[in-house]
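The chain contents come next:
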Amino acid sequence: MNASQKAAQARLKNRAEHYNTAQAKAAEQGPMHLITFWTNVCRKLAKDALESGDPAVANKLAAHLNDFYQAHTQ
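From a predicted model like this one, the values you see are computed outputs, not experimental measurements. (Residues numbered from 1 in each chain as written. Predicted model: local features only at pLDDT ≥ 70, side-chain atom pairs only at ≥ 80, totals over all residues. Heavy atoms only, no water.)

How should I be thinking about the overall build of the protein in this particular structure?
Each helix and strand in the protein was counted, giving 3 helices and 0 strands. Reading the secondary structure of the protein in the N-to-C direction produces α-α-α. In summary, the protein has a C-alpha radius of gyration of 16 Å against a globular reference of 11 Å for 74 residues, an excess of more than 25%. With the C-alpha coordinates of the protein rotated into their principal frame, the extents come out at 55 × 35 × 15 Å. Here the protein holds 74 residues, and 9% of them are scored as buried. (Helix = DSSP H or I, 4+ residues; strand = E, 2+ residues; numbered from the N terminus. Rg over C-alpha atoms; globule rule 2.2 N^0.38 Å. Buried < 20%, exposed > 50% of the residue type's maximum accessible area, 1.4 Å probe, protein only.)

Right under this line is the structure:
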């Protein structure tokens, strides 16, 4: 594994640790905090994909949220 691959692997590991810690903290504070955590993570994924020129992630998130809304308002 070269230096670039090692750095990328370290970034992924650090991000996973950060998200795991943040998720656990949010869960301790209650369901609404956990919802906010996941909403923010998903919004960041969609934003990053859009900035890279890929609207598919944002479109899938929007469709999923619409489906969720429809399923829980009828």
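Moving on from the coordinates now.
Could you clarify how one ought to interpret the pattern of salt bridges in this entry?
Scanning all chains against the criterion turns up 3 salt bridges. D48 is the salt-bridge partner of K44, the closest N and O atoms lying 2.8 Å from each other. Pair noted here: K44 and D48 are both in helix α2 (residues 31-51), with a separation of 4 residues, about one helical turn. Taking the relative accessible area as the measure of exposure, D48 reaches 31% and is therefore partly exposed. (Salt bridge = Lys/Arg side-chain N within 4 Å of Asp/Glu carboxyl O.)

How should I be thinking about the packing of aromatic side chains in this particular structure?
Given two aromatic rings, one states the distance between the centres and the angle between the planes to describe the pair. Taken as a whole and assessed by the stated rule, the structure comprises 2 aromatic pairs. Relative to F37, the ring of Y19 has its centre 6.2 Å away and its plane inclined at 80 degrees; by these criteria the two rings are edge-to-face. Taken together, the residues span a long stretch of sequence, with Y19 in helix α1 (residues 3-29) and F37 in helix α2 at a distance of 18 residues. Take Y19: its relative accessible area is 26%, and that puts it in the partly exposed class. With a centroid separation of 4.9 Å and an interplanar angle of 75 degrees, the aromatic rings of F37 and W38 are classed as edge-to-face. Given the relative accessible area of 40%, W38 is considered partly exposed. One aromatic cluster is present, formed by Y19, F37 and W38 through successive ring pairs. (Phe/Tyr/Trp six-rings, centres within 6.5 Å; stacked < 30°, edge-to-face > 60°.)

What's the story with the packing of α2 against helix α3 (residues 56-73) in this structure? I'm lost.
Each packed pair of helices is defined by two parameters, the angle between the axes and the distance between the axes. Following both chains from N to C, one finds α2 and α3 inclined at 145 degrees, their axes separated by 7 Å at the closest point. In this structure, α2 uses C42, R43, L45, A46, A49 and L50 to contact α3, whose residues at the interface are V57, A58 and L61. Along the lines of polarity and charge, the residues of the contact of α2 with α3 split into 8 nonpolar, no polar and 1 charged. (Axes fitted to C-alpha atoms, helices over the stretch in contact; angles between N-to-C directions. Contact = heavy atoms within 4.5 Å. Nonpolar A, V, L, I, M, F, W, Y, C, P; charged D, E, K, R; others polar.)

Help me out: how do you make sense of α1 in this one?
In an α-helix, one full turn covers 3.6 residues, which means residues spaced three or four apart are oriented alike. In this model α1 runs 39 Å from its N-terminal to its C-terminal C-alpha over 27 residues, within 8% of the 39 Å that 1.5 Å per residue would give. Where α1 begins, the side chain of N2 points an oxygen toward the backbone nitrogen of S4, at a separation of 3.0 Å. G30 sits one or two positions beyond α1 and adopts a positive phi of about 120 degrees. (Expected span 1.5 Å × (residues − 1). Polar contact = N/O pair within 3.5 Å; in protein donor to acceptor, adjacent residues only side chain to side chain.)

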